[in-house]
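Examination of the molecular architecture
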Amino acid sequence: MTDILTAIAERRSAKRFDPSVTISEEELRSILDAGRKAPTAFNIQHWRFVVISDPALRKQIRAVSWDQPQVEEASALIVLCADFKAWEKNPARYWAAAPEKMQTTYEGMIKQFYSGNEQMQRDEGIRSCGMAAYALMLAAAAHGYQSCPMDGFDFKAVGSLINLPDDHEVVMFVAIGKKAEEYPPHGGHLPLSETIIHNRFS
């Protein structure tokens, strides 16, 4: 397995995948489990991972995704969705493994924090999906696969194709597989001096 710092340093977005490669159920479960363990505020776990395995549905999704080939070619296509109302769906269950007093405390905090604040409900769901997506990509790298985070698609059309519930929103895709071509030249990274601010913006 690839160590995490190497996976972070070497991760690039693969645009073409070898469609003959199959990810085993065990490996896919391991990758999804890594995503499931990504952090979320109050441990609400807002994300839902829709694994698209139906070839006909992949073709339909590709048609509303700017015809990007990785939608069909990838060994696994995961649609990350945020459940914006997860906070009010029996919130005690997010702390079921904790002592009862702690469970009750967090249940009250969750209701107080999110109730009536739809912008925060949405923001938290998007943040959670972003962290889960990166966990999925690093876990894929650990198993020797490449990945591609994607938002180049018609969000409403994809939601319709996957029967998205009204209180959920499609956030992004993560395509996983074995790259079929070399990466194009990289645009490079901004220097640390431009991206790190100590204490305050000047």
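These notes cover the structure that comes with them. Predicted model only: the values in this text are computed from it and were never measured.

Per the secondary structure count, the chain includes eight helices and four strands. Helices and strands appear in the chain in the N-to-C order α-α-β-α-α-β-α-α-β-α-β-α. Seen along its three principal axes, the alpha-carbon backbone of the chain occupies a region of about 55 × 45 × 35 Å. Put simply, 80% of the contacts in the chain that link residues at least 6 apart link residues at least 24 apart. Counting only carbon and sulfur atoms, one obtains 53% of the accessible surface of the chain, whose full area is about 11,800 Å².

Right, let's get into the side chain of Gln-70. Here Gln-70 is to be found in helix α4 (residues 70–73). Given a relative accessible area of 1%, Gln-70 falls into the buried group. Leaving out residues up to four positions away in the same chain, Gln-70 has contacts with Ala-14, Lys-15, Phe-17, Cys-148, Met-150 and Ala-175.

Here we come to a nonpolar patch on the surface. Residues Ile-4, Leu-5, Ile-8 and Tyr-134 make up a contiguous nonpolar surface patch of about 400 Å² in total accessible area. Its place among the elements puts Ile-4 in helix α1 (residues 4–10). Ile-4 sits in the exposed class, given a relative accessible area of 54%.

Criteria and cut-off values
- Residues numbered from 1 in each chain as written.
- Predicted model: local features only at pLDDT ≥ 70, side-chain atom pairs only at ≥ 80, totals over all residues.
- Heavy atoms only, no water.
- Helix = DSSP H or I, 4+ residues; strand = E, 2+ residues; numbered from the N terminus.
- Contact = heavy atoms within 4.5 Å.
- Areas by Shrake-Rupley, 256 points an atom, 1.4 Å probe, with all protein chains shown as cover.
- Buried < 20%, exposed > 50% of the residue type's maximum accessible area, 1.4 Å probe, protein only.
- Patch = residues over 30% accessible without salt bridge, like charges linked within 9 Å, V, L, I, M, F, W, Y side chains within 5 Å.
- Salt bridge = Lys/Arg side-chain N within 4 Å of Asp/Glu carboxyl O.

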